[in-house]
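Below, each chain spelled out in residue letters.
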Amino acid sequence: MTAHAELETEATDRMTVREAINQALREELERDEDVFVMGEDVGVMGGVLGVTDGLLEEFGEKRIVDSPISEAGLAGLGTGAAATGTRPVIEIMFSDFLGVAAEQIINQMAKMRYMFGGKIEMPVTVRTTEGGGMGAASQHSGTIHTWIAHFPGLKAVAPGTPAAAKGLLKSSIRSNDPVFFFENKMIYEDSGEVPVDEEFTIPIGEASVERAGDDVTVVATQRLVGESLDVADDLEGDVDVEVIDLRSLYPLDTDTIVSSLEKTGRLVVADESPLSYGTHAEIATRAMEEGFFSLDAPVQRVGTPDTHIPFSPPLEEEVLPSGADVENAINRIV
Amino acid sequence: MVTIDMEQPEGRKEGLRRMLTIRLFDETAEKRFLDGDIPGFVHPYIGEEAVAVGAIGALEPDDYITSTHRGHGHCLAKGLDPERMMAELYGKREGYCKGKGGSMHIADVDAGMLGANGIVGAGPPLATGAAFSIQYDDRDQVALAFCGDGGIAQGQVHEAINMAATWDLPVVYVVENNQYGEGTPVEKQHNVENLSDTAHAYDIPGFTIDGMDVTAVYEAVAEARDRADAGDGPTLIEAKTYRYRGHFVGDEEEYRTDEEVEGWQREDDPIETFKQRLVDRDELTDEEFEQLREEIATAVDEAVEHAREAPTPEPDEAYEDMFAQPAPEIQHFAAQFRADGGERGDDR
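Residues numbered from 1 in each chain as written. Chains lettered and ligands numbered in written order. Predicted model: local features only at pLDDT ≥ 70, side-chain atom pairs only at ≥ 80, totals over all residues. Heavy atoms only, no water.

Colleague: Any chance you could explain the overall build of chain A here in plain terms?
Modeller: Along chain A, the regular secondary structure elements total 12 helices and 14 strands. Taking 2.2 N^0.38 as the reference for a compact globule, 334 residues should give roughly 20 Å; the C-alpha atoms of chain A span a radius of gyration of 19 Å, in line with that estimate. The C-alpha extent of chain A, read off along each of the three principal axes, is 55 × 45 × 40 Å. Looking at chain A as a whole, 63% of its 334 residues qualify as buried. A sequence separation of at least 24 residues applies to 82% of the contacts in chain A between residues at least 6 apart. For chain A, the accessible surface area stands at approximately 12,200 Å², while carbon and sulfur atoms represent 49% of it. Across chain A, the centroid of the 24 positively charged side chains sits 5 Å from that of the 60 negatively charged ones. (Helix = DSSP H or I, 4+ residues; strand = E, 2+ residues; numbered from the N terminus. Rg over C-alpha atoms; globule rule 2.2 N^0.38 Å. Buried < 20%, exposed > 50% of the residue type's maximum accessible area, 1.4 Å probe, protein only. Contact = heavy atoms within 4.5 Å. Areas by Shrake-Rupley, 256 points an atom, 1.4 Å probe, with all protein chains shown as cover. Lys, Arg positive; Asp, Glu negative; His and termini not counted. Charge placed at Lys NZ, Arg CZ, Asp CG, Glu CD.)

If you want it as structure tokens, here you go:
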């Protein structure tokens, strides 16, 4: 499966990340009768952040299911349903709530295929929102994707652009493995060009070079992709910045990162998750293992400095990594 | 395969055969574990045979079940092959899970057996998901979740029952109350006298039955299956039973007396009781029963011999079966283990 391989048209439409996700859901619901969407307020309300808007009207209550507020039950039901012939798309409203559902995720969904010697399919997608920036405080703002990416048996994707959101969600739903689809809630309104062909998908495990440059590589995720692209524009003429949208956290596209590093010799990793024991460390380690002799400077990390996300706006702004932090990181090594 | 149809003499005899198979399989597994032959843990189902056989007897062959850490009885009642089960206990490639699961994770999805489960209370949400698939596709099946008296203290079980009750999902929950959650008696873990009282909270039918009587279990589950199949939603059945052995083989059982265990064995043994009932009805003779016992004992011994001789998995197989579409990381990291001439060091 490669991007654009079987497309009948190269045409694109301009849309937001929210619209791209909604369109991906709509197309996959249309394409495959086994797909259903279940979660808290995904139907009548259209999702607490409006992502599933209009799906109930189009596909009905059988396929767009408002559930009780039962994350453990949702994760378990999704796992059991995926094992028995349907293709659930479960929404966990905020990724912080994955803590409530953790047992079914880590001990059932992730392990059943392996424990049973490969004799079961687990085509479940879990969509969830991440990220600070809207004053939602510590239990509705976390970026916890490292958790999921760390745990064997789960795949994790976290798009930074509308096109990546659509292509990756379609691949996630079509996958026979459990895939967690992390939506940063601050980029729902970001716009971009998105292929209109219904067969447009993006393979899980492939990063994308969003902007080519020779001096430094910024591997970014989610909100920090767009902010890093802005930084690259600002620095144009002084520093030639290459920006990669990582897109998939696991599997991780080491080749794209190392190829870029071989060209630039410098690496910044920008991801909103907490810094210790995390996504940044994994990328830095792989850069070291596979690209040690290309590194001209220490790898720089931009993330949340190991705090929770506080409520008060000045506090929240303080801890959330931003384009300015990416720029500082670049300036430290060029 | 002969089904466990309790309405027919042949079906009743099959029920007895499966109960005896469970008993002899687990008595043997216990011995081979104590010999050091079987690695890991073993949680024997001995004493509870009437629950698995009665409940599964009331199902259709393609119905789904989820099981527990004490799952051998559910597997054998569902018709799984003792030889492949024993091979799994021995960690052999011919086992149901190619040696990756062991006693606590035997599964055979094609037979509707969605897995034994090492997490107490994890089965009911999974069975609820299976019931959702059944309802979604309008299939003529039901799902049945076994869980213990310990399991029904878990929150996720209640989330699942509430969802099934709200959506009338075709599922039956069977709580095997074997009197102990690991080493703690049920009355120290629950405030209700009958665990089926929980059903009131969800406005679904709940029954407490004699789990030592295979016929009683069969009848209760048959009725619950009919209700589920008719679109009338879930039922919660508590089967009061007794675990003859400790929580696991090797448990010193300091929490109960020998007299208590012997009392249940003497007065309520599910196999002895049911056998006597069949003898009294002239459907079976004592000689036939002994013959059946010998046949099964021979088959179990053969399963052990086969398991001992069966090939172990190749170490490389540890890296298979993680995903439908493999993650390149796994082979990459595995290759690092073997980078130095393919050996991992002489001390291993």
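Colleague: Explain the domain arrangement of chain A to me, please; I cannot follow it from the model alone.
Modeller: You'll often see interface size given as the accessible area lost when the parts meet. Residues and elements named next belong to chain A. If you check the domain split of chain A, you get domain 1 (14–195) and domain 2 (208–333). Using only C-alpha atoms to locate each centre, domain 1 and domain 2 end up separated by 25 Å. Between domain 1 and domain 2, the contact holds 29 residues from the first and 23 residues from the second. Taken together, both faces of the contact between domain 1 and domain 2 bury some 1,900 Å²; the carbon and sulfur share is 55%. Counting the contacts that link domain 1 with domain 2 gives zero salt bridges. At the junction of domain 1 and domain 2, the tally comes to 11 residue pairs in polar contact (both at pLDDT 80 or more). Elements with a contribution of two residues or more to the side of domain 1 that touches domain 2: helix H6 (145–150), strand S6 (155–157), helix H7 (162–174) and strand S7 (179–184). Within the side of domain 1 that touches domain 2, the residues separate by chemical class into 14 nonpolar, 12 polar and three charged. (Domains from an automatic or database assignment. Buried area = accessible area lost by both parts, 1.4 Å probe. Salt bridge = Lys/Arg side-chain N within 4 Å of Asp/Glu carboxyl O. Polar contact = N/O pair within 3.5 Å; in protein donor to acceptor, adjacent residues only side chain to side chain. Nonpolar A, V, L, I, M, F, W, Y, C, P; charged D, E, K, R; others polar.)

Colleague: Which parts of the structure should I look at to understand the environment of Pro-152 of chain A?
Modeller: Residue position: Pro-152 of chain A is located in the loop between H6 and S6. For the pair Pro-152 of chain A and Ala-110 of chain A, spaced 42 residues apart in the sequence, the C-alpha separation amounts to 6.8 Å. With residues up to four places along the chain from it excluded, the contact list for Pro-152 of chain A reads Ala-110 of chain A together with Met-322 of chain B.

Colleague: Got a minute to help me understand a negative patch on the surface in this structure?
Modeller: Residue and element names in this part refer to chain B. Taken together, the side chains of Asp-81, Glu-83, Glu-94, Asp-301 and Glu-302 present a region of like negative charge at the surface. Within the element layout of this structure, Glu-83 appears in helix H4 (residues 82–89). Relative accessible area serves as the criterion here: at 32%, Glu-83 is assigned to the partly exposed category. (Patch = residues over 30% accessible without salt bridge, like charges linked within 9 Å, V, L, I, M, F, W, Y side chains within 5 Å.)

Colleague: Explanation requested: the sheet that holds strand S4 (residues 87–92) of chain A in the structure shown.
Modeller: Pairing between the strands of a sheet comes from backbone hydrogen bonds, and it takes one of two forms, parallel or antiparallel. Residue and element names in this part refer to chain A. The seven strands lie next to each other as S3-S2-S4-S5-S7-S6-S12, forming an open sheet whose pairing is mixed. The open sheet has two free edges, formed respectively by strand S3 (64–66) and strand S12 (248–250), since each of these has just one partner strand. Mean inter-strand twist for the sheet, computed between neighbouring axes without regard to direction, equals 20 degrees. Judged from the three bridges that link them, S6 and S7 form a sheet pairing that is parallel. Bridge pairing links Lys-155 to Val-179 in S7. Sheet contacts for helix H3 (residues 71–82): strand S2 (35–39) and S4; angle to S4, the most-contacted strand, approximately 165 degrees. (Pairing = 2+ DSSP bridges. Axes fitted to C-alpha atoms, helices over the stretch in contact; angles between N-to-C directions.)

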